[in-house]
Amino acid sequence: MTPAPGPPRHQPRRSSLWWLSNGRYFLFMLRELSAVFVALYALSYLGGLYRLSQGKDSYEAYLAMLHHPAVLVFLGVSLAFCLLHTVTWIHLTPIVMVVRMGRKVIPAKLVLAGNYLVWILLSGVLWYLVVN
Amino acid sequence: MKTIDITVTRYDPENSPVPYEQTYTIPYDDEMVVLDGLNYIKDHVDGSLSYRWSCRMGVCGSCGMTVNGVPKLTCAVFLKDYPQGVRVGPMDHFPVVRDLVIEMDDFMDKLRAVKPWMIREQEKPVEEGEYLQSPEELQLFRQFSMCINCGLCYAACPVYAADKSFIGPAAIALAHRYDMDSREEGQDQRAEVIGSHEGIWECSFVGECSVVCPKHVDPAAAIQRSKVQLTKDHILGLLWPWGKS
Ligand code: SF4
Ligand code: FES
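Presented here is an overview of the structure given in this document. Quick caveat: nothing in here was measured; it's all calculated off a predicted structure.

This brings us to the overall build of chain B. Helix and strand content of chain B: nine helices and seven strands. If you line up chain B on its principal axes, its C-alpha atoms span 70 × 40 × 30 Å. Expressed as a percentage of its 245 residues, the buried residues of chain B come to 49%. Within chain B, contacts between residues separated by at least 24 positions form 62% of all contacts whose residues are at least 6 apart in sequence. Element-wise, carbon and sulfur atoms account for 53% of the exposed surface of chain B, whose accessible area totals about 12100 Å². Charged side chains of chain B number 24 positive and 36 negative; the gap between the two group centres comes to 2 Å.

Here it is as structure tokens:
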């Protein structure tokens, strides 16, 4: 683009703290950050599976480690971030997907409810499998 | 009469290379919008204040500014909602020409880049009549055609702030408006633009464009739906290389 004639333009610079300027930007940053915790939790879970494959002693040592206060804090924070990740993405799905039945568009609220239902059902099935 | 403090960002390149703020205390009533406040300043206090406006009714899209940190149409926000005073600045992420006037050339170029007009592979002769469309077909893109080109969504977009080559919310919403039109056959041409490096994939779905949009266009939805559509087309292209038609 050729610069327009006339006096100089002022090019404002964005503050590096822009994401603190409103709650929604902040929530977006938290959502992005949540992916890190989801990944860390998945890795720690895989670590547990690996220890399980190494025999009873190894797995019991792993279980004992889970009770360390620092690990408990990590698990608590990860759970919070996993929930945030899931809920925020569930809420974005009706924006991304337009679900049609014939010529009618399914209302966003129903799509949302369907997502929650699937989430709760799958969690229930997993819970059942783990407990039994 | 009640009074209110309006603090305005001034930029006067002939006299000061950096912008500065100036506060005006003016009388106001409950019917006055922020733009009325600026007009009062210009008419009665300081005629040198520069800003853009035209319709005063949320139609022309030219009065966009930052009001207390949020991109707004100044003709659509009331002074009474800011009893503590109001801070008005130029829209973020655009070069400032003077005071509250920004340069929109880049925005306009981007709107043009998505070819926002009807593209037909073959025009049918006039005698065959118009291209008909059902109300349901219209409904698929109607909201995306409501854009008034105010640019507020660019002022709200942190991706555009970081990378000015990003085609941006309004232009992609406009592309989507045409792509979803049942009379339209130019989707492939537009996919080259919105599917490019500077297009939809730059968007990280912050969603603030849709929050600030005064016309409920929901550009964030248009961008994500375009991502889904282009991905589908790509996979179909791989599975069905003989083409869609
Ligand atoms: S999409 Fe909305 S905010 Fe963006 S230019 Fe159009 S009307 Fe303005
Ligand atoms: S003056 Fe036209 S939209 Fe505000």
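Right, picking up where we left off after that structure.
Let's shift gears to the side chain of N22(A). Among the secondary structure elements, N22(A) is positioned in the segment before α1 (23-53). In terms of polar contacts, N22(A) uses its side chain to reach the side chain of E208(B), at 3.1 Å.

Okay, the packing of aromatic side chains next. Inspection of the entire model under this criterion finds 10 aromatic pairs over all chains. With a centroid separation of 6.2 Å and an interplanar angle of 10°, the aromatic rings of W19(A) and F26(A) are classed as stacked. Here F26(A) falls in the partly exposed class, since its relative accessible area comes to 36%. Residues F37(A) and F81(A) carry aromatic rings whose centres are separated by 4.5 Å and whose planes lie at 10° to one another, so their mutual orientation is stacked. In this pair, F37(A) sits in helix α1 while F81(A) sits in helix α3 (residues 69-96), placing the two residues 44 residues apart along the sequence. For the pair F37(A) and F81(A), a shared accessibility class is recorded, and that class is buried. K164(B) extends its terminal NZ or CZ atom over the ring of Y160(B), reaching a point 5.5 Å from the ring centre.

As a further point, take the pattern of salt bridges. A full pass over the atoms with the stated rule returns 17 salt bridges over all chains. Taking the shortest distance from any N to any O, the salt bridge between K56(A) and E60(A) comes out at 3.5 Å. Taken as a pair, K56(A) and E60(A) lie in helix α2 (residues 56-65) at a separation of four residues, close to a single helical turn. With a closest N to O distance of 2.9 Å, D106(B) and K110(B) form a salt bridge. Of the two residues, D106(B) and K110(B) both sit in helix α2 (residues 105-113), four residues apart, roughly one turn of that helix. One continuous salt-bridge network, built from bridges that share partners, spans R10(B), D46(B) and D99(B).

A word on unusual backbone geometry. All names here are of chain B. Despite not being glycine, R56 has its phi angle at roughly 60°, a positive value. Tracing the backbone shows R56 in the loop between α1 (34-45) and β3 (64-67). With a relative accessible area of 36%, R56 lands in the partly exposed category.

Attention now moves to α2(B). Residue and element names in this part refer to chain B. Listing the buried residues of α2 in full gives F107, K110 and L111. Taken end-on, α2 shows its buried residues confined to a sector of 100°, consistent with a single buried face. Buried residues in α2 make contact with α4 (152-156), α5 (158-162) and α6 (169-179). Positioned one or two residues after α2, K115 has a phi angle of 55°, which is positive.

With that settled, the discussion passes to the nonpolar core. In this structure, I6(B) and L38(B) are the most contacted members of the largest nonpolar core, which totals 68 residues. Those residues in contact with I6(B) that sit more than four places away from it in its chain are Q22(B), T23(B), Y24(B), I26(B), G37(B), L38(B), I41(B), L79(B), V86(B) and V88(B).

Chain A puts 24 residues into the contact, and the matching count from chain B is 30 residues. Buried surface at the junction of chain A and chain B, summed over both partners, amounts to about 2300 Å²; 62% is from carbon and sulfur atoms. The tally of links between chain A and chain B comes to two salt bridges. E103(B) is paired through a salt bridge with R9(A); the nearest N and O atoms lie 2.5 Å apart. The set of elements that each furnish at least two residues to the side of chain A that touches chain B consists of α1 and α3 of chain A. Taken together, the residues that form the side of chain A that touches chain B break down as 14 nonpolar, three polar and seven charged.

About the thresholds
Residues numbered from 1 in each chain as written. Chains lettered and ligands numbered in written order. Predicted model: local features only at pLDDT ≥ 70, side-chain atom pairs only at ≥ 80, totals over all residues. Heavy atoms only, no water. Helix = DSSP H or I, 4+ residues; strand = E, 2+ residues; numbered from the N terminus. Buried < 20%, exposed > 50% of the residue type's maximum accessible area, 1.4 Å probe, protein only. Contact = heavy atoms within 4.5 Å. Areas by Shrake-Rupley, 256 points an atom, 1.4 Å probe, with all protein chains shown as cover. Lys, Arg positive; Asp, Glu negative; His and termini not counted. Charge placed at Lys NZ, Arg CZ, Asp CG, Glu CD. Polar contact = N/O pair within 3.5 Å; in protein donor to acceptor, adjacent residues only side chain to side chain. Phe/Tyr/Trp six-rings, centres within 6.5 Å; stacked < 30°, edge-to-face > 60°. Lys NZ or Arg CZ within 6 Å of the ring centre and 35° of its normal. Salt bridge = Lys/Arg side-chain N within 4 Å of Asp/Glu carboxyl O. Arc of directions from axis to C-beta. Core = buried A, V, L, I, M, F, W, Y, C linked by side-chain atoms within 4.5 Å. Buried area = accessible area lost by both parts, 1.4 Å probe. Nonpolar A, V, L, I, M, F, W, Y, C, P; charged D, E, K, R; others polar.

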